[in-house]
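Secondary and tertiary structure notes
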Amino acid sequence: MNMICPLKSEETIDVLLDYSAGRLEESRRTLFEGHMAHCAECAAFLAGQTKVWQTLDAWEPEPVSMDFNRRMWQKIDAAAAAPWYRKLADSLRLGAWKPALPLTAALVLVAAGFVMDHQGAVPAAPGVASSAGVSVTEAEQVEKTLDDIQLLRQLDAAAGAEPGSSKTM
Amino acid sequence: MWQRVNTVIGANPAPDLDAQLMLRVRDGDEDSFRVLLDKHRNPLVHFLYRMVQEQAVSEELAQEVFLRIYKSRLSYEPTARFTTWMFRIATHLALNWLRDEKNARGQERLDEDRGGDLPAREVADRKPSVEQRMVYQARLQEVRDAIGKLPEKQRAAVLMHKYEEMEYAQIASVLGCSESAVKSLLFRAYETLRARLAHMVTGGPL
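Predicted, not measured: the structure shown is a model, and the values here were computed from it.

Remarks on the overall build of chain B
Check the secondary structure of chain B and you find 12 helices and zero strands. Listing each helix as α and each strand as β along chain B from the N terminus yields α-α-α-α-α-α-α-α-α-α-α-α. Per-residue burial over chain B gives 50% buried out of 206 residues. A sequence separation of at least 24 residues applies to 66% of the contacts in chain B between residues at least 6 apart. Summed over all atoms, the accessible surface of chain B reaches about 9900 Å², with 52% contributed by carbon and sulfur.

Considering helix 2 (residues 26–36) of chain A
Each full turn of the α-helix corresponds to 3.6 residues, which orients residues three or four apart in the same direction. All names here are of chain A. Within helix 2, the full set of buried residues consists of F32, H35 and M36. Buried residues of helix 2 fall within an arc of 90 degrees about the axis and therefore sit on the same side. Those residues of helix 2 that are exposed and angled more than 90 degrees off the buried face are E26 and S27. Buried residues along helix 2 sit in contact with helix 1 (14–21) and helix 3 (40–57).

A few points about the environment of Q49(A)
Residue position: Q49(A) is located in helix 3. For Q49(A), a relative accessible area of 0% corresponds to the buried category. Through-space distance from the C-alpha of Q49(A) to that of A21(A) is 9.0 Å; in sequence the pair is 28 residues apart. Every residue in contact with Q49(A), bar those within four places of it in the chain, is listed here: L17(A), S20(A), Y190(B) and R194(B).

Describing helix 4 (residues 68–80) of chain A
Over its 13 residues, helix 4 of chain A extends 19 Å from the first C-alpha to the last, a length consistent with the 18 Å expected when each residue adds 1.5 Å. Considered for burial, the residues of helix 4 of chain A that qualify are F68(A), R71(A), M72(A), W73(A), I76(A) and A79(A).

Brief notes about a negative patch on the surface
Among the surface-exposed residues, E10(A), E11(A), E167(B) and E179(B) lie close enough to one another that they form a single negatively charged patch. Secondary-structure assignment places E179(B) in helix 11 (residues 179–196). Relative accessible area serves as the criterion here: at 39%, E179(B) is assigned to the partly exposed category.

Re the confidence of the model for chain B
All names here are of chain B. Mean pLDDT over chain B works out to 83, with 78% of the residues at or above the 70 mark. Contacts of residues 1–12 to residues separated by more than four positions or lying in other chains number 11 contacts, the stretch itself having pLDDT below 50. Below a pLDDT of 50 lies the segment residues 118–124, which in the model reaches 14 contacts outside its immediate sequence neighbourhood of four places, other chains included. Two summary scores accompany this predicted model of the complex, namely pTM at 0.68 and ipTM at 0.73.

What about the packing of aromatic side chains?
Within the structure shown, the criterion is met by 13 aromatic pairs over all chains. With a centroid separation of 5.1 Å and 80 degrees between ring planes, the pair formed by F47(B) and F87(B) is classed as edge-to-face. Of this pair, F47(B) sits in helix 3 (residues 30–52) while F87(B) sits in helix 5 (residues 82–105), and the two are 40 residues apart along the sequence. Like F87(B), F47(B) is buried. On the numbers, 5.2 Å between centres and 35 degrees between planes, the contact of Y76(B) with W85(B) is tilted. Using a relative accessible area of 4% as the deciding quantity, one classes Y76(B) as buried. In this structure an aromatic cluster arises from ring pairing among F68(A), W73(A), F33(B), F66(B) and Y70(B). For R50(B), the ring lying beneath its charged end belongs to Y163(B), and the centroid distance is 3.5 Å.

Some details on the state of the cysteines
All names here are of chain A. Within the structure shown, the criterion is met by zero disulfides over all chains. Here C5 stays free of any disulfide, with the sulfur of C42 as its closest cysteine sulfur at 3.5 Å. Classification of C5 by relative accessible area gives buried; the value is 6%. Given a relative accessible area of 0%, C42 falls into the buried group.

Looking at the pattern of salt bridges
A full pass over the atoms with the stated rule returns 17 salt bridges over all chains. A salt bridge links R71(A) to D67(A), with the shortest nitrogen-to-oxygen separation between them at 3.4 Å. With a relative accessible area of 18%, R71(A) lands in the buried category. Residues E64(B) and R68(B) are paired through a salt bridge, measuring 3.0 Å at the closest nitrogen-oxygen approach. Note that E64(B) and R68(B) are positioned in helix 4 (residues 55–71) at a spacing of four residues, about one turn of the helix. Under the relative-accessibility criterion, R68(B) is labelled buried at 18%. A cluster of three or more residues bridged by salt bridges with shared partners is formed by D67(A), R70(A), R71(A), K75(A), E59(B) and E60(B).

Focus on the packing of helix 10 (residues 168–175) of chain B against helix 11 of chain B
Helix-helix packing is described using two parameters, namely the angle between the two axes and the distance between the axes. Residues and elements named next belong to chain B. At a minimum axis distance of 8 Å, the contact between helix 10 and helix 11 shows a crossing angle of 95 degrees. Our classification of the angle between helix 10 and helix 11 gives roughly perpendicular. Facing Y168, A169, I171, A172 and L175 of helix 10, the residues of helix 11 in contact are E179, V182, K183, L185 and L186. When the residues that make up the contact of helix 10 with helix 11 are grouped by side-chain class, the tally is eight nonpolar, no polar and two charged.

Observations concerning the interface of chain A and chain B
Taken together, the contacts link 39 residues of chain A with 56 residues of chain B. Counting every contact that joins chain A to chain B gives five salt bridges. A salt bridge links R71(A) to E59(B); the shortest N-O distance between them is 2.6 Å. Residue assignment for the side of chain A that touches chain B shows that the elements contributing at least two residues are helix 1, helix 3, helix 4 and helix 5 (84–93) of chain A.

Thresholds applied
Residues numbered from 1 in each chain as written. Chains lettered and ligands numbered in written order. Predicted model: local features only at pLDDT ≥ 70, side-chain atom pairs only at ≥ 80, totals over all residues. Heavy atoms only, no water. Helix = DSSP H or I, 4+ residues; strand = E, 2+ residues; numbered from the N terminus. Buried < 20%, exposed > 50% of the residue type's maximum accessible area, 1.4 Å probe, protein only. Contact = heavy atoms within 4.5 Å. Areas by Shrake-Rupley, 256 points an atom, 1.4 Å probe, with all protein chains shown as cover. Arc of directions from axis to C-beta. Expected span 1.5 Å × (residues − 1). Patch = residues over 30% accessible without salt bridge, like charges linked within 9 Å, V, L, I, M, F, W, Y side chains within 5 Å. Salt bridge = Lys/Arg side-chain N within 4 Å of Asp/Glu carboxyl O. Lys, Arg positive; Asp, Glu negative; His and termini not counted. Charge placed at Lys NZ, Arg CZ, Asp CG, Glu CD. pLDDT = per-residue confidence, 0-100. Phe/Tyr/Trp six-rings, centres within 6.5 Å; stacked < 30°, edge-to-face > 60°. Lys NZ or Arg CZ within 6 Å of the ring centre and 35° of its normal. Disulfide = S-S within 2.5 Å. Axes fitted to C-alpha atoms, helices over the stretch in contact; angles between N-to-C directions. Parallel < 35°, antiparallel > 145°, perpendicular 65-115°, else oblique. Nonpolar A, V, L, I, M, F, W, Y, C, P; charged D, E, K, R; others polar.

Shown next as structure tokens:
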């Protein structure tokens, strides 16, 4: 069974990395060795990668200080003795509030929906906006009525001035 | 439900013993925290040392990681493997430190400082001659420089893959990217290292 060259796909590049690290599982290793027997590119890559791997092995870190744990517990004790506002700031920085975020967002949405839904049902306060709308309409009606009365008076006057007009109007 | 929990915790179906210890810490058991500290102190400091390449800083950052873990104990939920969470905090702190340091001092000063950290244990164990020591230190310095000059994410990925032997999925979770992105990062990083260390690689390992 042939395999696609690992160098030709990023998805299978781990075969090369794992093989050089000695972490490739048995079945894939056999398959890859069969492929590498006739793939010069893979063989060359692997030779270089194996040497890089061995070179990196030489970099050993320094041992950790003997008093690491003691200093660690000192810091923990200091944190425990910190004032409440420092602890609060720490908990905010550490994201302890994050689990509550979806719940808070949901509550805000529900509250916003409630306000929008009940906005029309709120009785108009005897104040500014709604009463202003009503007073505009009333003013127009009063003005029209006054115009009508004035027109009637003019007609009445005109009728009175004409000869032979009746006073019954 | 069990399948979902396993998926959340990680690719490895084995129970995460560290997460169980952390749950005990959440319930007030400080001894469990001591166990976690003893178990993960060395790998964490070594990872951070290779990231920032300064011993004192790596220990300070490791202590900050453990301190954050301890402070978060009351709200701890095992939604990921413990080591994934721990390395995520460590990587975040290391990258922040590198950025701050880069801004404050510049890369040249950082390179000078790296020269002062010599691995005394190697010298003591092998008892090499002065000349061998100098050759070893020079070559080791080249390895450190080659890794130190990698882009930060590539550096973190290589260190977790090479030295911590972490799986691609776990590295992806720590770095917040996909598995294929991790493979791509690693491939590019090793290609770069191969080119930078070519003169050493052709002569065999250190």
